[in-house]
Amino acid sequence: QLAGMFAGGLAAQWYGPQASFFLAAGGALAGLFLSLLIKESVPSGVSPLHLSDVPKILRNFHLLLASGLAILVQFLVYGTVFGFVPLAAKQMGASNLELGLLTTLSVAPSIVASMLSGTFFARTLGPRRSICLGFFLLAATTAFIPLLTSLTQLYASQMIGGFGRGLAFPLLMTLGVQSVDDGVRATAMGVFQSLYAAGMFVGPVMVGLIGDWAGLNAGFWLCSLCGLAGAVVAWFYAGESAGRRNYA
């Protein structure tokens, strides 16, 4: 993601916006050819999941809680970083290269935070506080976007928000799958991913609707409220056991 965003911005700056799409198509072709080299190995002694087991998984409180919080994260991220923050940057006079740099800087800190979330932060703050801190950073940086006046300030806000995203999301993933049996964890992860994908769709749509109705700033403040809601829910319902077994 990091390399793709930065390379896409460079290509758009040097050769025009169309070049980014050709670059992406080239990456897709490379992925297609590499996928032909994959060899599957089916583990022995594993009983297949029955369809009747799926409703039981869907009733798992911790999985639904983690999925709901992940929906809020994706709502916020896809409504801002991958949605309307570039529009705010464009209004500040950002070039194609600077737009690519904007998304690059939002992703880079999340890589670092993802590596530290289940180790350093889970051990020092605890998983629940770490998740809350991640949501708070996302909420705060989004709320301040309408007050920013330069690209440098916008870059800084997106870096802090990206760190918050990387801090919360791995722990939510752990919270979602640690409470199910080992034999159904792949299915639980599929449920988690399917549910949080709703936030990817709803985020840009809702921010766009609010932006048309009350202005783009109102859309950012809506996302900020979602971040605060996530912090509150995580504080009261995400147990301190989240993440310890898997990431300690």
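Residues numbered from 1 in each chain as written. Predicted model: local features only at pLDDT ≥ 70, side-chain atom pairs only at ≥ 80, totals over all residues. Heavy atoms only, no water.

## Comments concerning the overall build of the chain
Then, number 1: Regarding its fold elements, the chain presents 10 helices and zero strands.
Then, number 2: Put simply, the chain runs from its N terminus to its C terminus through helices and strands in the order α-α-α-α-α-α-α-α-α-α.
Then, number 3: Against the 2.2 N^0.38 benchmark of 18 Å for 248 residues, the chain shows a C-alpha radius of gyration of 19 Å, consistent with a compact globule.
Then, number 4: Dimensions of the chain along its principal axes, counting C-alpha atoms only, are 60 × 45 × 35 Å.
Then, number 5: Residues classed as buried in the chain amount to 42% of the 248 residues present.
Then, number 6: Within the chain, residue pairs in contact and separated by at least 24 positions form 83% of the contacts whose partners lie at least 6 positions apart.
Then, number 7: Of the roughly 13100 Å² that the chain leaves accessible, carbon and sulfur atoms contribute 69%. (Helix = DSSP H or I, 4+ residues; strand = E, 2+ residues; numbered from the N terminus. Rg over C-alpha atoms; globule rule 2.2 N^0.38 Å. Buried < 20%, exposed > 50% of the residue type's maximum accessible area, 1.4 Å probe, protein only. Contact = heavy atoms within 4.5 Å. Areas by Shrake-Rupley, 256 points an atom, 1.4 Å probe, with all protein chains shown as cover.)

## Here we look at the packing of helix H4 (residues 61-91) against helix H9 (residues 216-237)
Then, number 1: It is at 10 Å that the axes of H4 and H9 come closest, and there the two elements cross at 155°. On the basis of their axis angle, the class for H4 and H9 is roughly antiparallel. Note that H4 runs across H9; the crossing there is left-handed. Along its contact with H4, which presents Phe61, Leu65, Leu69, Leu72, Phe75, Leu76, Thr80, Phe84, Val85, Leu87 and Ala88, the element H9 presents Leu216, Phe220, Leu222, Cys223, Cys226, Gly227, Ala229, Gly230, Val233, Ala234 and Tyr237. (Axes fitted to C-alpha atoms, helices over the stretch in contact; angles between N-to-C directions. Parallel < 35°, antiparallel > 145°, perpendicular 65-115°, else oblique. Left-handed = near helix turned anticlockwise from the far one by under 90°.)

## A few points about the packing of aromatic side chains
Then, number 1: Counted by the stated rule, this structure contains seven aromatic pairs.
Then, number 2: Centre to centre, the rings of tyrosine 78 and phenylalanine 82 are 5.1 Å apart; their planes meet at 50°, and the pair counts as tilted. Residue tyrosine 78 and its partner phenylalanine 82 are both found in helix H4; the two are separated by four residues, about one turn of the helix.
Then, number 3: The interplanar angle of 75° and the centroid separation of 5.2 Å between the aromatic rings of phenylalanine 192 and tyrosine 196 together place this pair among those described as edge-to-face. Placement of the pair is phenylalanine 192 and tyrosine 196 together in helix H8 (residues 185-214), with a separation of four residues, close to one helical turn. (Phe/Tyr/Trp six-rings, centres within 6.5 Å; stacked < 30°, edge-to-face > 60°.)

## Re the confidence of the model for the chain
Then, number 1: On average, residues of the chain carry a pLDDT of 86, and 91% of them reach 70 or more.
Then, number 2: Helix H6 (residues 127-143) holds the highest mean pLDDT among the elements of the chain, 94, whereas helix H10 (residues 244-247) holds the lowest, 39.
Then, number 3: Across residues 240-248 the pLDDT falls below 50, and counting only partners more than four positions away or on other chains, this stretch makes 28 contacts in the model. (pLDDT = per-residue confidence, 0-100.)

## Comments concerning the state of the cysteines
Then, number 1: Per the stated rule, a full pass over the model turns up zero disulfides.
Then, number 2: Sulfur of cysteine 132: no disulfide; nearest cysteine sulfur belongs to cysteine 226 and is 16 Å away.
Then, number 3: Residue classification places cysteine 132 among the buried positions, given a relative accessible area of 10%.
Then, number 4: The structure places no disulfide on cysteine 223, whose sulfur is separated from the nearest cysteine sulfur, that of cysteine 226, by 6.1 Å.
Then, number 5: In this structure cysteine 223 comes out as buried when scored by relative accessible area, which is 0%. (Disulfide = S-S within 2.5 Å.)

## Concerning the nonpolar core
For soluble globular proteins, nonpolar side chains are generally found buried alongside one another.
Then, number 1: Within the largest apolar cluster, 48 residues are counted, with the highest numbers of intra-cluster contacts made by Val73, Ala89, Phe135, Leu154, Leu172, Phe192 and Phe220.
Then, number 2: Elements supplying a minimum of two residues to this core: H4, helix H5 (96-124), H6, helix H7 (151-177), H8 and H9.
Then, number 3: Among the elements that take part in this core, H4 stands out by supplying 14 residues, more than any other.
Then, number 4: When sequence neighbours within four positions are dropped, the list of residues in contact with valine 73 reads Phe135, Leu138, Arg165, Phe169 and Leu172. (Core = buried A, V, L, I, M, F, W, Y, C linked by side-chain atoms within 4.5 Å.)

## Some remarks on H5
Then, number 1: Between its terminal C-alpha atoms H5 stretches 40 Å, which fits the 42 Å expected from 29 residues at 1.5 Å a residue.
Then, number 2: Approximately 65° is the largest bend angle found in H5, and it occurs at serine 117.
Then, number 3: At the C-terminal side of H5, glycine 126 shows a positive phi close to 95°. (Expected span 1.5 Å × (residues − 1). Bend = angle between axes of the 7 residues up to and from the residue.)

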